[in-house]
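Now for the letters of each chain:
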Amino acid sequence: MDCSDSEAKSDENVEATSSVPLSDYAKKLDQRVTKRCEDKIAAIGIDPVLLEGKHFEPDCLPPVEATDILSYLVLETSYYTQKQFKAFRSLEAYKQMVSGFIASVEGHIVANKFVVLAKVRHSQRMNDSLIPIWIITEREGTIISAHCLGCKAGLAESCSHIASVLFYLEACTKINGRFS
């Protein structure tokens, strides 16, 4: 599937105002965390939570490669600590991905960036409701930002839920042969 056909439609969703539209979830966060959310979503101009269900498709996913995952989870700098994530434990999320923890993954292009919405099972409480996450990437697969709406580690942008979806995206890239 070529996602570029829907790109013109998706740009209509991006508002040109300086304030980024936020979901109720983001508005209820601590002020510092809300500010970080605004910074993360500035690349597309709208909170990805508000986009749920709008022209998202399972085949419209970014070409994420292993180096993108390594760069994001290990080498990226944490907004909160100003140190490298070094989230080596999140690299173990590959096991969650192959074990079926990911319930759904859909993507769309907004403001020339891929926006991925996914739902993931809890790693400790399998019967709890699914955890929504979002990821924003460049067109070539470089991960710009991510957020997990279901765990404290997700606020740190590198939890196992996010990592498992990144591994899913990488697997899709390998299967479909879409390398940048």
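Residues numbered from 1 in each chain as written. Predicted model: local features only at pLDDT ≥ 70, side-chain atom pairs only at ≥ 80, totals over all residues. Heavy atoms only, no water.

Considerations on the overall build of the chain
Argument step 1. When its secondary structure is counted, the chain shows seven helices and four strands.
Argument step 2. Starting at the N terminus and walking to the C terminus, you meet the elements of the chain as α-α-α-α-α-β-β-β-β-α-α.
Argument step 3. Across the 180 residues in the chain, those meeting the buried criterion constitute 47%.
Argument step 4. Taking the contacts inside the chain whose residues are at least 6 apart along the sequence as the reference set, 63% of them involve residues at least 24 apart. (Helix = DSSP H or I, 4+ residues; strand = E, 2+ residues; numbered from the N terminus. Buried < 20%, exposed > 50% of the residue type's maximum accessible area, 1.4 Å probe, protein only. Contact = heavy atoms within 4.5 Å.)

A look at the pattern of salt bridges
Argument step 1. The tally for this structure, following the rule as stated, stands at five salt bridges.
Argument step 2. Here aspartate 39 and lysine 35 are joined by a salt bridge, their closest N and O atoms 2.7 Å apart. Of this pair, aspartate 39 and lysine 35 both sit in helix α3 (residues 31-41), separated by four residues, roughly a single helical turn.
Argument step 3. Aspartate 39 sits in the partly exposed class, given a relative accessible area of 34%.
Argument step 4. The exposure class assigned to lysine 35 is partly exposed, which follows from its relative accessible area of 42%. (Salt bridge = Lys/Arg side-chain N within 4 Å of Asp/Glu carboxyl O.)

Some details on the pairing of strand β2 (residues 113-120)
Argument step 1. Among the eight residues of β2, seven are classified as buried, and the element is accordingly described as predominantly covered.
Argument step 2. Note: strand β1 (residues 102-110) against β2, eight bridges, orientation antiparallel. Opposite isoleucine 109, over in β2, you have phenylalanine 114 as the bridge partner.
Argument step 3. Linking β1 to β2, which pair antiparallel, is a turn of two residues; within it alanine 111 sits at a positive phi near 55°.
Argument step 4. Where β2 lies against strand β3 (residues 131-137), seven bridges are found, and the strand directions are antiparallel. Within β3, the residue paired with valine 115 across the bridge is isoleucine 136. (Pairing = 2+ DSSP bridges.)

Concerning the pairing of strand β4 (residues 143-148)
Argument step 1. Most of β4 is tucked away, with five of its six residues classed as buried.
Argument step 2. Linking β3 to β4, which pair antiparallel, is a turn of five residues; within it glycine 141 sits at a positive phi near 110°.

Let's talk about the packing of aromatic side chains
Argument step 1. Using the criterion set out here, one finds one aromatic pair in the structure.
Argument step 2. Centroid distance tyrosine 94 to phenylalanine 167: 5.7 Å. Interplanar angle 80°. Geometry classified as edge-to-face. Taken together, the residues tyrosine 94 in helix α5 (residues 93-98) and phenylalanine 167 in helix α7 (residues 160-176) connect sequence positions 73 residues apart.
Argument step 3. Here the guanidinium or amino end of arginine 139 rests over the ring plane of phenylalanine 114, the centre of that ring lying 5.8 Å away. (Phe/Tyr/Trp six-rings, centres within 6.5 Å; stacked < 30°, edge-to-face > 60°. Lys NZ or Arg CZ within 6 Å of the ring centre and 35° of its normal.)

Treat this as a map of the structure, not an account of what it does.
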